[in-house]
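Here are the chains, one letter per residue:
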Amino acid sequence: MKTPFITCVAAIVRKDLRAEIRSRELLSVMGLFALLSVLLFSFALELDRQAREEVVSGVLWVTLIFASLLGLNRSMALERDQGGLDAILAAPVSRAAIFVGKLLGNFVFTGIVGFVLLPLMTALYGMNLLRAPLILTTIIGLFGFATVGTLLATLTVQTRAREALLPIAMLPIVLPFVLTAVRATKAILSGAAANEWQSALGMLAAITLIYFLLCLLLYEYVVGE
Amino acid sequence: MRDEPAIILAERLSKAYGNLPALRSLDLSVKPGEFVALLGANGSGKSTLLRLLSGLSKPTGGRLRVGGWEMPGEALAVRARIGLVAHRPLLYENLTARENLDFYGALYGIDRRERARRIQDSLRAFDLHKRADSLARTFSRGLKQRLSIARATLHQPDLLLLDEPYSGLDQRAVALLDEMLAAARAEGRTIVLSTHQLTRVPPAADRALVLSRGRISFDAAIGSLDLSEIYRSASA
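First, a word on scope: everything that follows refers to the structure included in this document. (Residues numbered from 1 in each chain as written. Chains lettered and ligands numbered in written order. Predicted model: local features only at pLDDT ≥ 70, side-chain atom pairs only at ≥ 80, totals over all residues.)

Some thoughts on the overall build of chain B
Okay, so step 1: For chain B, the count of helices and strands is seven helices and ten strands.
Okay, so step 2: Expressed as lengths along the three principal axes of its C-alpha atoms, the size of chain B is roughly 50 × 40 × 35 Å.
Okay, so step 3: Burial statistics for chain B: of 236 residues in total, 50% are counted as buried.
Okay, so step 4: Residue pairs in contact within chain B that sit at least 24 positions apart in sequence constitute 67% of those at least 6 positions apart. (Helix = DSSP H or I, 4+ residues; strand = E, 2+ residues; numbered from the N terminus. Buried ≥ 20, exposed ≤ 12 C-beta atoms within 10 Å, placed from the backbone. Contact = placed C-beta atoms within 7 Å.)

Encoded structure:
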């Protein structure tokens, strides 16, 4: 007897959101890091308008990646420290459902940070980042990070050097996301022709889908022992 | 569970972590409804055996059947019928007692209305109803252990696996745990409980097994138990 996929996913997401609303452990760390990063970049790079246009997409994605890394590390560490993952794995649920549940929880947290960051950077950098295509790029990119991050955080959290290991394992793997997301963001902000950012966005969506399917298949092996 | 004479059947069961053997060619048979106390020093293989039985780990050799199902191949079917209590409480500190039970109840596919009823009954049975809406992080070790057993029995498992449940409990909590185990035994559940405290055999247990260096070195009914024999076996 296996618990239905949706029931399991919903239970894990509800549990993660409920615990986070109460503790604000992940959001406060990720949010504060993101805020400090963009402030630091904004003061450190005293840029004119043209130079700002050049770097803002890089600043946005680098900040999002590192904020996500902090959140993912903490999220899985909480599961490990409280032993919850063992109890979930001992239940009659598919590993794919556990993966999707944890992924959606992580995506919501990184998404919240992303959507605080966009208006903040709009104010700090004097450029409108609140554009529909850019919001869509952020959603897809963050979903991709959360996908890879959930798999790798589950793997690295079992090691002693987990905090150092996650970025080392994750950064090379998310490179295709970062490059494509930065390309799409740059094209959107520079007002390039729609087909230019649309092709980058399409590529980002395709990479995300491939990574999602791969991670879904690999998760069973990651939690297998 | 399938109708089998043994709820647990291990034949030449082995488990190694790299080159380090944790269980060596272990043979074990446990009858339905039996309460087995698994004794042994730290590192003797008790936790490894319980992880194999619960499907959290895979054997590296031999054969293991739980409830008539082959492990690890049919672990999904077995998991629904197993309740696991580990030495850590496996609870979420930022959830209340009720929310913890609700979460695990959902994972075992118990529908919402039935879940609410069982949670209420369980909180009363384990004398936790007054703290039902308190966060688990505010609980003492004893209270957490009670909540942990409530969690592990919410889905009414046939087989209850407890790994070092006495760790960190004061005398009152130990007595309460023994009462709960006796009640579970009376309900017909099969229980396998591990402890490194060789003198801490639960009063309701039927059988004592001693694990030493990954092998069973002593196996006897509680009635014929000789403590000096147990000490000798554990230190062998």
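Structural notes on the environment of B:Arg131
Okay, so step 1: Among the structural elements, B:Arg131 can be located in the loop between helix 4 (112–125) and helix 5 (141–153).
Okay, so step 2: Taking the C-alpha atoms as reference points, B:Arg131 and B:Arg98, 33 residues apart in sequence, are found 8.8 Å from one another.

Description of unusual backbone geometry
All names here are of chain B.
Okay, so step 1: Here the residue pair Met 71 and Pro 72 is connected by a cis peptide bond, since its omega of 0 degrees sits within 30 degrees of zero.
Okay, so step 2: Within the secondary structure, Pro 72 sits in the loop between strand 5 (69–71) and helix 2 (75–79).
Okay, so step 3: Positioned with a positive phi, Asp 127 is a non-glycine residue whose angle comes to about 55 degrees.
Okay, so step 4: Here Asp 127 shows up in the loop between helix 4 and helix 5.
Okay, so step 5: For Asp 127, a count of 13 C-beta atoms within 10 Å puts it in the partly exposed group.
Okay, so step 6: Even without being glycine, Glu 164 reaches a positive phi, approximately 50 degrees.
Okay, so step 7: If you trace the backbone, Glu 164 turns up in the loop between strand 7 (159–163) and helix 6 (171–186).

Quick word on helix 2 (residues 25–44) of chain A
All names here are of chain A.
Okay, so step 1: Across its 20 residues, helix 2 extends 28 Å between first and last C-alpha, which sits within 8% of the 28 Å expected from 1.5 Å per residue.
Okay, so step 2: Among all positions in helix 2, only Leu 26, Met 30, Ala 34, Val 38 and Phe 41 are buried. Summarising the axial view, the buried residues of helix 2 lie within an arc of 70 degrees, below the 170-degree limit, and thus occupy one face. Across from the buried face of helix 2, at angles greater than 90 degrees, the exposed residues are Ser 28, Leu 36, Leu 39, Leu 40, Phe 43 and Ala 44. (Expected span 1.5 Å × (residues − 1). Arc of directions from axis to C-beta.)

Brief notes about the interface of chain A and chain B
A common way to state how big an interface is: give the accessible area lost once the parts meet.
Okay, so step 1: Chain A puts 24 residues into the contact, and the matching count from chain B is 26 residues.
Okay, so step 2: Mapped by element, the contributors of at least two residues to the side of chain A that touches chain B are helix 1 (5–23) and helix 4 (84–89) of chain A.
Okay, so step 3: Top element by residues in the side of chain A that touches chain B is helix 1 of chain A. It accounts for eight residues.

Some details on the sheet that holds strand 1 (residues 8–17) of chain B
Residue and element names in this part refer to chain B.
Okay, so step 1: Strand order in the open sheet formed by four strands is 2-1-4-5, and the pairing between neighbours is antiparallel. The open sheet terminates on both sides in strands that have one partner only, identified here as strand 2 (20–30) and strand 5. If you compare each strand with its neighbour and ignore which way they point, the axes differ by 30 degrees on average.
Okay, so step 2: The pairing of strand 1 with strand 2 spans seven bridges and is classified as antiparallel. The partner of Ile 8 across the bridge, within strand 2, is Val 30. (Pairing = 2+ DSSP bridges. Axes fitted to C-alpha atoms, helices over the stretch in contact; angles between N-to-C directions.)

Notes on the sheet that holds strand 10 (residues 215–221) of chain B
Neighbouring strands of a sheet are bound in pairs by backbone hydrogen bonds; such pairs are parallel or else antiparallel.
Residues and elements named next belong to chain B.
Okay, so step 1: Spatial strand order, 6-7-8-3-9-10: six strands in an open sheet with mixed pairing. Whereas interior strands pair on both sides, the edge strands pair on one side only; in this sheet they are strand 6 (82–85) and strand 10. Here the average twist between neighbouring strands, direction ignored, is 15 degrees.
Okay, so step 2: As paired strands, strand 3 (residues 35–39) and strand 9 (residues 207–212) are joined by four bridges and run parallel to one another. Bridge pairing in strand 9 links Leu 38 to Leu 209.

Brief notes about the environment of A:Phe99
Residues and elements named next belong to chain A.
Okay, so step 1: With respect to the helices and strands, the residue Phe 99 is situated in helix 5 (residues 95–125).
Okay, so step 2: Among the residues examined, Phe 99 registers 25 C-beta atoms within 10 Å and is labelled buried.
Okay, so step 3: Look past the residues within four positions of Phe 99 in its chain and what remains in contact with it is Thr 150, Cys 215, Leu 216 and Tyr 219.

Quick word on the pairing of strand 7 of chain B
Residues and elements named next belong to chain B.
Okay, so step 1: Most of strand 7 sits out of view: five of its five residues are buried.
Okay, so step 2: What you see with strand 7 is no split at all: Leu 159, Leu 161 and Asp 163 on one side and Leu 160 and Leu 162 on the other are buried throughout.
Okay, so step 3: Both strand 7 and strand 8 (residues 190–195) contribute to a ladder of five bridges, which runs parallel. Its bridge partner being in strand 8, Asp 163 is matched across the sheet by Ser 194.
Okay, so step 4: Tracing the backbone out of strand 7, into helix 6 and back to the parallel element strand 8 gives a crossover that is right-handed. (Right-handed = clockwise from strand over helix to strand, strands pointing away.)

What about the nonpolar core?
All names here are of chain B.
Okay, so step 1: Formed by 137 residues in total, the largest nonpolar core has its most connected members in Val 36, Leu 38, Val 66, Leu 107, Leu 161, Val 192 and Leu 209.
Okay, so step 2: Mapping this core onto the domain boundaries places at least three of its residues in each of domain 1 (1–81 + 157–236) and domain 2 (92–156).
Okay, so step 3: Residue contacts for Val 36: discarding those within four places in its chain leaves Val 30, Ile 191, Val 192, Ala 205, Arg 207 and Leu 209. (Core = buried A, V, L, I, M, F, W, Y, C linked by C-beta atoms within 7 Å. Domains from an automatic or database assignment.)

What about helix 5 of chain B?
Residue and element names in this part refer to chain B.
Okay, so step 1: With 13 residues, helix 5 ought to run about 18 Å at 1.5 Å a step, and its terminal C-alpha atoms sit 18 Å apart, in line with that.
Okay, so step 2: In terms of burial, helix 5 is a largely internal element, ten of the 13 residues being buried.
Okay, so step 3: Considering only its buried residues, helix 5 is in contact with strand 6, helix 3 (97–107), helix 4, strand 7 and helix 6.

These figures come from the coordinates and say nothing about function on their own.
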